[in-house]
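Secondary and tertiary structure notes
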Amino acid sequence: MANSGARTRAVAAEVVDAVVSGGQSLDAAIAEREERVSPTDRSLLRMLCFGTIRKHWQLQHWISQLLGRPLKKRDSVINALLAVGLFQLYDTRIPDHAAVSQTVEAARQLRRPKLAGLLNACMRRFGREKIAEQAVADEQARWNHPQWLLETLRKDWPADHEAILKANDSRAPMWLRVNSARQSAAAYLARLADDDKTAELLEGIPDAVRLTEPCSVEELPGFMDGDASVQDAAAQIPARWLMADRPMRVLDACAAPGGKSGHLLELGGAGFELTAIDSDARRIERVRENHARIGLDATIMVADASKPREWWDGRPFDAVLLDAPCSATGVIRRHPDIKLLRRASDIDDLSALQGAALSALWQVLAPGGRLLYVTCSVLATENDGVVQGFLETNDDAVEDTVLPNNNIRDLMRRKACGYQVLPGTAGLDGFYYACLVKKVS
Amino acid sequence: MVNGPKGLLEIMAKLKILEFPDPRLRKKAAPVEVVDDALRVLIGDMFETMYDAPGIGLAATQVDVHKRLLVADVSSDKSEPFALINPQIIEKDGVTVTDEGCLSVPGYYESVERAEHIRVRFLDRKGEAVEMDAAGLLAVCIQHEIDHLDGRLFVDYLSEAKRQRIRKKLEKERRNAAVAL
């Protein structure tokens, strides 16, 4: 009987190649192919794919040292397989002999038997010549980020960019949001302890629980009944912030997949009315599923946030959450493919979209109401850049700089306007928040 | 002159593995009558062939020896080698589905349903009768290899169309390899 380990390496190489050469997102590339791997090997597959994409530039740097001349374009999957192979040698506890034999066998499964010898030679030389220990001059390889992003981060965060780069390359912890309508985070912590799961709370983010070890959601007490949801603690700040002055009629624009709108519902109480919209019909199904699990209802619509005329009934909202589409450069540790898929030119396009959505949604906000602009980006162009531009051109808008509680201040960096949580701070994802109030004329 | 374990390793030989649709894979193997040194040398060669492939199980049929003998090691560090002579499954229970692959059908993996636990009776390398319980991957592997001894392949559990597709692709690959040589 043949070993399925080689198969897992071959599929990992196809996933990595689909991201690197085909521009597919990592989640989609895995979802499309993971059925071909036995269920017991799927966590290994994810580990290999995420790790190889996370260390892409470093691995490619080593590959260019090992290969006299680059592989042909039509053999890009073997280049990806070699990256998967080196990643196993460098960054995992897989025994070297197993990593080499399974990776070499995978070349045969990928119908490139003639390149198996080359893979074998490269992987053995990598260990023998201690290539991983050699100093790296190339900046992209040293930091595992593309040049444009290195430069932008250095410009936007002169004192913090190295910490951001390191945080981006680390693995994110698993955070839960406890449904506070049912029990406190402290009470849920005790339920986790009954299941021998250790976790901790975080000052300033009252519903958040950080698990010491990630686990599957089925193992979480009460997960299927909506007692807890998986959500980074930084993504739990917006609902608490917006609900601090008890608005009754709230809009969540760009709601998919529905984590923040679920949180708004949990905090809403009797008479609370939430409208959740998203322009993506498929992703809006995730919003329905998320709300169904926690057993709460919102008005859900497929709608474009920047075109309220198409969907708004004319009744103003007390509060609006705009979780704007963005570069997602604050969540690179969870989505390392962002480093490969985003281009420098995307940022200006995104900032134009964000500005348009902000201006459009301002129209549906009641005088005296608050709009919270949120991104999971760390780039100024998408954050304070957008909000500053909006404040300059809208006389009825003013920033509300009061934070929802004092403990949260320690997690935040004050920007020209708005606040930033940097990735890795207290184990959080990178998020930007700016709260705007519409003046009563 | 051969002496010591190193000497033994030197005389061990890697064997050629038959590939689907070779008709010899369809022969039914005959029971082993004596467990002697010649058989023990064959077992050593089969382990070497299996580890080199790399595989986790190999039946004598696959190396064109039509005796009821199989070797298996599902560990990742060659630490659990089993040689089963005249194996017979005497109990089965549970159902498990595994993505199986086969050294005689290189490069293809398909889901196959098997018993989850088995009890198997066999002769060990010394020729002594033993019984063993196996579960999980080892149980699947032993069932897969015993199939070989009966002339059956895992692709026989797939649809006719799928089996033909695999056969055609492997034949084409072999033709291409022959041209390349």
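In what follows, the accompanying structure is described. Since we're looking at a predicted model, the values are computed, not measured.

1. Focus on the pattern of salt bridges
Scanning the entire structure with this criterion turns up 43 salt bridges over all chains. Taking the shortest distance from any N to any O, the salt bridge between aspartate 304 of chain A and lysine 307 of chain A comes out at 3.7 Å. Residue lysine 307 of chain A is classed as partly exposed on the basis of its relative accessible area of 42%. Here arginine 114 of chain B and aspartate 147 of chain B are joined by a salt bridge, their closest N and O atoms 2.9 Å apart. Taken together, the residues arginine 114 of chain B in strand E4 (residues 105-123) and aspartate 147 of chain B in helix H3 (residues 136-149) connect sequence positions 33 residues apart. With relative accessibility at 7%, the residue arginine 114 of chain B sits in the buried group. The exposure class of aspartate 147 of chain B is buried, given its relative accessible area of 5%. A single network of salt bridges, built from pairs that share partners, joins Asp232, Arg333, Arg334 and Asp429 of chain A.

2. A few points about the sheet that holds strand E5 (residues 129-135) of chain B
In a beta sheet, neighbouring strands are held together by backbone hydrogen bonds and run either parallel or antiparallel to one another. Residues and elements named next belong to chain B. On the basis of which strands lie adjacent, the open sheet formed by five strands has the order E1-E2-E3-E4-E5 and antiparallel pairing. The open sheet has two free edges, formed respectively by strand E1 (57-59) and E5, since each of these has just one partner strand. Strand-to-strand twist in this sheet, taken as the mean axis angle between neighbours without regard to direction, amounts to 40°. Against the sheet, helix H2 (residues 37-52) makes contact with E1, strand E2 (69-72) and strand E3 (82-102), and its axis sits at roughly 40° relative to E2, the strand it touches most.

3. A look at the sheet that holds strand E3 (residues 208-211) of chain A
Residues and elements named next belong to chain A. Across the sheet, which stays open at both edges, the four strands sit in the order E2-E3-E1-E4 with antiparallel pairing between neighbours. Looking at strand neighbours, the two that pair on one side only are strand E2 (199-201) and strand E4 (228-230), the edges of this open sheet. Looking at each pair of strands side by side, their axes are set apart by 30° on average, direction ignored. Across four bridges, the pairing between strand E1 (residues 174-178) and E3 is antiparallel. Bridge pairing links methionine 174 to leucine 211 in E3. Along the sheet, helix H11 (residues 185-194) contacts E1, E2, E3 and E4; its crossing angle with E2, the most-contacted strand, is approximately 170°.

4. Comments concerning the packing of helix H1 (residues 4-20) of chain A against helix H5 (residues 76-91) of chain A
Residues and elements named next belong to chain A. For the pair H1 and H5, the least separation of the axes is 8 Å and the interaxial angle reads 115°. At the point where H1 passes H5, the crossing takes the right-handed sense. Across the interface between the two elements, Arg9, Ala12, Ala13, Glu14, Val16 and Asp17 of H1 pack against Ser76, Val77, Ala80, Leu81, Val84 and Gln88 of H5. For the contact of H1 with H5, the per-class residue count stands at seven nonpolar, two polar and three charged.

5. Here we look at the state of the cysteines
Under the counting rule described, the total for this entry stands at zero disulfides over all chains. Not part of a disulfide, cysteine 435 of chain A finds its nearest cysteine sulfur in cysteine 417 of chain A, a span of 12 Å. Cysteine cysteine 141 of chain B is unpaired, with the sulfur of cysteine 102 of chain B as its nearest cysteine sulfur at 10 Å. Residue cysteine 141 of chain B is classed as buried on the basis of its relative accessible area of 0%.

What counts as what
Residues numbered from 1 in each chain as written. Chains lettered and ligands numbered in written order. Predicted model: local features only at pLDDT ≥ 70, side-chain atom pairs only at ≥ 80, totals over all residues. Heavy atoms only, no water. Salt bridge = Lys/Arg side-chain N within 4 Å of Asp/Glu carboxyl O. Buried < 20%, exposed > 50% of the residue type's maximum accessible area, 1.4 Å probe, protein only. Helix = DSSP H or I, 4+ residues; strand = E, 2+ residues; numbered from the N terminus. Pairing = 2+ DSSP bridges. Axes fitted to C-alpha atoms, helices over the stretch in contact; angles between N-to-C directions. Contact = heavy atoms within 4.5 Å. Left-handed = near helix turned anticlockwise from the far one by under 90°. Nonpolar A, V, L, I, M, F, W, Y, C, P; charged D, E, K, R; others polar. Disulfide = S-S within 2.5 Å.

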